[in-house]
Amino acid sequence: MNATLKPIGVVPLGEVPEIVLKSIAAGILGYLKLNTELLEPQRIPENAYDLVRQQYDAGLLLNAFESLALEKHEKVIGVLAVDLFVPILTYVFGEARQGGRLSLVSLHRLRKNSDGSPAPLPLFLERATKVALHELGHLFNLIHCEDSHCLMHFSGGLRDLDKAPPYYCSYCSLYLRDAIPSNAKNPWI
Amino acid sequence: MNKKISIMIVDDEMIVRESFLHWFKKLGHKVEAAASGFDALKKLENVSFDLLFVDIKMPGMNGIELLGKVKEGYPDTIVIIITAYGSIDTAVEAMKMGAADYLLKPFKPEQLSLVMEKVAHQKKLLDEVQYMKGRLERISRFENIIGQSDPMQRIFDLIPEVAQSDTSILIVGETGTGKELIAKAIHAKSPRAQRPFVAINSGAMPDSLLESELFGYQKGAFTGATHPQKGFLEVVAGGTLFLDEIGEVSPKMQVDLLRVLEEKKITRLGDRSPIAVDFRLLCATRKDLEKEIAEGRFREDFYYRINVIKIQVPALRERKGDVPLLARHFIEKYSHETTKKVNHVSREAMQLLQTYNWPGNVRELENAIERAVVLSKSRTLKKEDFHFLHPSPVRPEKPRSLREMEKEYIEFVLDDCRWNVTRAAKILDVNRVSLHKMIKRYGLKRP
């Protein structure tokens, strides 16, 4: 475990099942050997809701929560049950800015399969954890990876997301080791 | 996507620009944004982009107008049109004008990823075309001589043939047409290629100096001859001697050279013992030597001795189809030398270069490009960058046949329409099939 970094915060934005938050925290600890901390829930600001699109604007949410006092945490993952969008795309599973402090994970589209049937709980949890680890990669400055067998490969839909492994390729892992310097002394890959 | 590409987002809405910027930064691409068509064109003048996402509805210049300008000035740039209000008509118009795709925003994430795959494929094809163009250019070059016009191709074919023998060759052409380059190419292709190539500008030397330079001298041969000196006819030792401006050589020197050519022996100034020499003579002139003979200024016997094979180098105005190729070559050369990133010529500037008469031929074109590149403030050379060229009305040197005039006019119209045969046929008031037949009949080739 990496003791030199501040923990990664996992914060529910609105009502989110605790099991999802725990699954994400376990994934970060298991795959990245980074400490995590579950934070108190936060209310979703109403102005982030777009009446026309009937979705929440991921950019506005990031701006709103970036101003939270996050000094105690290296990075923070905000988890929401609502549907997210960015202006150019119809929806996003998650959103983060390269090298930013906060990322978002939307559970809205992860609960169902492409054919509309409900996804089994283990698959739903796996999807949420993958999106969280992917967005966390962006917070540590990783870009999308060309390797389709890498968690940082872009997932255009649920089918892509389900195909993606829950781990980073060796190239992205190396990059992460550089991005989290103290990890280099205690390699976890 | 295997290769990171450079992208520009052109949209008047800041929120859309930022959304794109964040998105493409995550893909690792180099991405910039412009708030209007005018901003985009300004950026394009200085930076090269592989891909443009262009919004249709923008104040000032709309996306379709921008697409037209981009396709005209930067045809290799891939453009994807984006809009919030889709209509089949605008989509069809955009695709007809060369847009690679048309997207309705917002788009599904998988749609964007499919478009990027398509762009990657198109870019790969474009890169391959560029590579093939490069290969074609190498084919159009022969030992640093550039040209794809028929007269130049005939010269390229002739050079390896005449290079094999020791026959004297006379290269005739106006100043700046590249006579010395042709002489060098003949030498490089000849069995004497490993020996020296010595070029002398006979016109630039007074007779006495030319004599001592060619034949050499012994110590004390004349005032200042403090040590023996080999002449170029000895120095060339098995190589090729190129005498430029042979029409300027005095009749006395012509006699001396004629003797050397026949006896293959020279005598240094101030010496009596002959020295055997072995060289091949190539001469060049811009003068009409037959006229010079008729007027008694050039010896007929010497003329026939140096003119076993004659290569006539066309003036640049007689091979204007080579101007774009030469211009591109010189832009590349001087961009590299000056480390300025100039890599485009605007359509208007290229039209000027192709209509100018080039009295100084390729050398004048090279100087014009060098000057334009050095003084240019953008990566595109514009008509204004060539303000120093003053096109003079082209007057034919002799009356031409109707057929020649027709060929030239058809070529002019085709060039003007950037070889869009449909448009050219409309201007010429003939149908496309007839125009294709004419192109074939006159052997016209797309530059």
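Presented here is a report on the structure given in the accompanying data block. (Residues numbered from 1 in each chain as written. Chains lettered and ligands numbered in written order. Predicted model: local features only at pLDDT ≥ 70, side-chain atom pairs only at ≥ 80, totals over all residues. Heavy atoms only, no water.)

Secondary structure assignment for chain B yields 18 helices and 18 strands. The 447 residues of chain B split such that 45% are buried. If you take every contact in chain B between residues at least 6 apart in sequence, the share linking residues at least 24 apart comes to 69%. (Helix = DSSP H or I, 4+ residues; strand = E, 2+ residues; numbered from the N terminus. Buried < 20%, exposed > 50% of the residue type's maximum accessible area, 1.4 Å probe, protein only. Contact = heavy atoms within 4.5 Å.)

To continue, consider the interface of chain B and chain A. A common way to express how large an interface is: the accessible area buried when the components associate. At the junction of the two partners, chain B supplies 20 residues and chain A supplies 20 residues. Both faces considered, chain B and chain A share a buried interface measuring about 1,800 Å² in area, 67% of it formed by carbon and sulfur atoms. Put simply, chain B and chain A have one salt bridge between them. The salt bridge involving Lys26(B) is made with Glu95(A); its shortest N-O contact spans 2.9 Å. Remark: the boundary between chain B and chain A carries six residue pairs in polar contact (both at pLDDT 80 or more). Put simply, the parts of the chain that give the side of chain B that touches chain A at least two residues each are α1 (14-26) and α5 (109-139) of chain B. Looking at which element gives the most residues to the side of chain B that touches chain A, the answer is α1(B), with eight residues. Across the side of chain B that touches chain A, the residue classes tally to ten nonpolar, five polar and five charged. (Buried area = accessible area lost by both parts, 1.4 Å probe. Salt bridge = Lys/Arg side-chain N within 4 Å of Asp/Glu carboxyl O. Polar contact = N/O pair within 3.5 Å; in protein donor to acceptor, adjacent residues only side chain to side chain. Nonpolar A, V, L, I, M, F, W, Y, C, P; charged D, E, K, R; others polar.)

Turning to unusual backbone geometry, a few remarks are in order. Along the chain, Lys105(B) connects to Pro106(B) via a cis peptide bond; the corresponding omega equals 0 degrees. For Lys33(A), which is not glycine, the phi torsion reads 50 degrees and is therefore positive. Within the secondary structure, Lys33(A) sits in the loop between α1 (18-32) and β2 (36-38). Here Asp429(B), not a glycine, exhibits a phi torsion of approximately 60 degrees, which is positive. Mapped onto the fold, Asp429(B) is located in the loop between α17 (421-428) and α18 (432-441). Since its relative accessible area comes to 69%, Asp429(B) is described here as exposed.

This next bit is on a nonpolar patch on the surface. Residue and element names in this part refer to chain A. A cluster of nonpolar side chains, contributed by Tyr 49, Leu 51 and Val 52, occupies part of the molecular surface with about 360 Å² of accessible area. The residue Leu 51 is located in the loop between β3 (49-50) and β4 (55-57) in this model. The exposed category is assigned to Leu 51, whose relative accessible area is 70%. (Patch = residues over 30% accessible without salt bridge, like charges linked within 9 Å, V, L, I, M, F, W, Y side chains within 5 Å. Areas by Shrake-Rupley, 256 points an atom, 1.4 Å probe, with all protein chains shown as cover.)

What follows covers the sheet that holds strand β4 (residues 78-83) of chain B. Residues and elements named next belong to chain B. Spatial ordering of the open sheet is given by β2-β1-β3-β4-β5, a layout of five strands whose pairing is parallel. Both outer strands of the open sheet, β2 (30-34) and β5 (101-104), are each paired with one neighbouring strand and no more. Averaged over all pairs of adjacent strands, the angle between strand axes in this sheet comes to 20 degrees, irrespective of strand direction. Note: strand β3 (residues 51-55) against β4, five bridges, orientation parallel. Paired with Phe 53 across the two strands is Ile 80, which belongs to β4. Together, β1 (6-10), β2, β3 and β4 form the strand contacts of α1, whose direction differs from that of β2 by roughly 175 degrees. Across the sheet, helix α3 (residues 63-73) is in contact with β1, β3 and β4; its angle to β4 comes to roughly 180 degrees. (Pairing = 2+ DSSP bridges. Axes fitted to C-alpha atoms, helices over the stretch in contact; angles between N-to-C directions.)

Before going further, it helps to examine the packing of helix α13 (residues 323-338) of chain B against helix α15 (residues 361-375) of chain B. Residue and element names in this part refer to chain B. Relative orientation of the contacting elements α13 and α15 amounts to 45 degrees, with a least axis distance of 9 Å. With respect to their mutual orientation, α13 and α15 come out oblique. You can see that α13 and α15 cross each other, and the crossing is right-handed. Note on element contacts: α15 touches α13 through Val 362, Leu 365, Glu 366, Ile 369, Glu 370, Val 373 and Val 374, opposite Val 323, Leu 326, Ala 327, Phe 330, Ile 331, Lys 333, Tyr 334, Ser 335 and Thr 338. Here the contact of α13 with α15 is composed, by residue class, of eleven nonpolar, two polar and three charged. (Parallel < 35°, antiparallel > 145°, perpendicular 65-115°, else oblique. Left-handed = near helix turned anticlockwise from the far one by under 90°.)

What follows covers the nonpolar core. All names here are of chain B. Phe 24 and Phe 53 are the most contacted members of the largest nonpolar core, which has 41 residues in total. Here this core takes five residues from α1, the largest share from any one element. With residues near it in sequence (within four places) discarded, Phe 53 still touches Ile 7, Met 8, Ile 9, Val 10, Phe 20, Phe 24, Ile 80, Ile 82, Leu 103, Leu 112 and Met 116. (Core = buried A, V, L, I, M, F, W, Y, C linked by side-chain atoms within 4.5 Å.)

Turning our attention to a positive patch on the surface. All names here are of chain B. Together, Arg 154, Arg 403, Lys 407, Lys 437 and Arg 441 give the surface a local cluster of positive charge. Elements represented by at least two residues in the positive patch include exactly α16 (402-416) and α18. Relative to the helices and strands, Arg 403 is located in helix α16. (Lys, Arg positive; Asp, Glu negative; His and termini not counted. Charge placed at Lys NZ, Arg CZ, Asp CG, Glu CD.)

These figures capture arrangement, not role.
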